Amino acid sequence: RDQPGPDRAFRLGGLVEQGSVQREAAVAGQRPVVNFRVTDGANAVPVSFAGVLPDLFREGQGVVTLGRLGPDGVFRASEVLARHDET
């Protein structure tokens with residue numbers, strides 16, 4: 001399947017891959033950046049998000065992200081929502 005272009009926003013959902021969460025040090029005046037991977041069990045997509053994550057966000061937790069796929073293959077999320085369970 002073709003990948004969406006960098007100008008097209010879409011949702012990406014799955015589980016936060018175990019061991020993939022990396023928090024960058026916040027720079028004064030900017031939102032903190034968190035990098036992680038979202039997986040469906042077979043494939044994983046790297047995600048970068050600048051902002052405050054939901055309280056339920058953690059490795060192994062279901063998430064839905066909204067954003068755009070960059071030319072480098074990194075999904076740049078503008079919003080991250082934690083799901084209460086896998087349904």
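Here, the structure is the one placed above.
Residues numbered from 1 in each chain as written. Predicted model: local features only at pLDDT ≥ 70, side-chain atom pairs only at ≥ 80, totals over all residues. Heavy atoms only, no water.

1. Observations regarding the overall build of the protein
This is how it is decided: Comment: elements are numbered from the N terminus, with helices defined as DSSP H or I runs of at least four residues and strands as E runs of at least two. Throughout this description, buried means an accessible area under 20% of the type-specific maximum (1.4 Å probe, protein chains only), exposed means over 50%, and partly exposed covers the range between. Using the Shrake-Rupley algorithm and a 1.4 Å probe, accessible areas are obtained, with residue cover drawn only from the displayed protein chains.
In terms of helices and strands, the protein carries zero helices and six strands. Of all 87 residues assigned to the protein, the portion counted as buried reaches 31%. Total accessible area on the protein stands at roughly 5900 Å², and carbon and sulfur atoms take up 48% of it.

2. A word on the pattern of salt bridges
How we decide: The term salt bridge refers to a side-chain nitrogen of Lys or Arg lying within 4 Å of a carboxyl oxygen of Asp or Glu.
Under the counting rule described, the total for this entry stands at two salt bridges. A salt bridge links R37 to E17, with the nearest nitrogen and oxygen atoms 2.4 Å apart. In this pair, R37 sits in strand β3 (residues 33-39) while E17 sits in the loop between β1 (10-16) and β2 (22-23), placing the two residues 20 residues apart along the sequence. In this structure, the salt-bridge partner of R76 is D72, at a minimum N-O distance of 2.8 Å.

3. Observations regarding the packing of aromatic side chains
Put simply, the rule reads: Aromatic contacts are taken between Phe, Tyr and Trp rings whose centres are within 6.5 Å, Trp giving its six-membered ring; a plane angle under 30 degrees counts as stacked, one over 60 as edge-to-face, and the others as tilted.
Taken as a whole and judged by the stated rule, the model has two aromatic pairs. Residues F10 and F75 carry aromatic rings whose centres are separated by 5.1 Å and whose planes lie at 70° to one another, so their mutual orientation is edge-to-face. With F10 in strand β1 and F75 in strand β6 (residues 75-82), the pair connects residues that are 65 residues apart, well separated along the chain. Overall, F75 belongs to the buried group, its relative accessible area being 0%. When the centroid spacing of 5.0 Å and the interplanar angle of 65° are considered together, the rings of F36 and F57 count as edge-to-face. Note that F36 is positioned in strand β3 and F57 in the loop between β4 (44-50) and β5 (62-69), a separation of 21 residues in sequence. A relative accessible area of 2% means that F36 is categorised as buried. A relative accessible area of 8% means that F57 is categorised as buried.

4. Concerning the nonpolar core
Most often, soluble globular proteins keep nonpolar side chains buried together rather than apart. Stated precisely, the cut-off is as follows: The set of buried Ala, Val, Leu, Ile, Met, Phe, Trp, Tyr and Cys residues whose side-chain atoms join them within 4.5 Å is what this entry labels a nonpolar core. The contact criterion used throughout is that any non-hydrogen atoms of two residues lie within 4.5 Å.
Judged by nonpolar contacts, the single largest core of 14 residues is most densely connected at F36, V47, F57 and V80. The set of elements that each furnish at least two residues to this core consists of β1, β3, β4, β5 and β6. Not counting residues up to four positions away in its chain, the partners in contact with V80 are F36, F49, L53, P54, F57, V63, V64 and T65.

5. Re the pairing of β1
Going by this rule: Any two strands are treated as partners once DSSP identifies two or more bridges connecting them.
Sheet topology places β1 next to β5; six bridges connect them, and they run antiparallel. Its bridge partner being in β5, L15 is matched across the sheet by G62. In terms of strand pairing, β1 meets β3 through two bridges, oriented antiparallel. For V16, the partnering residue across the bridge sits in β3 and is V38.

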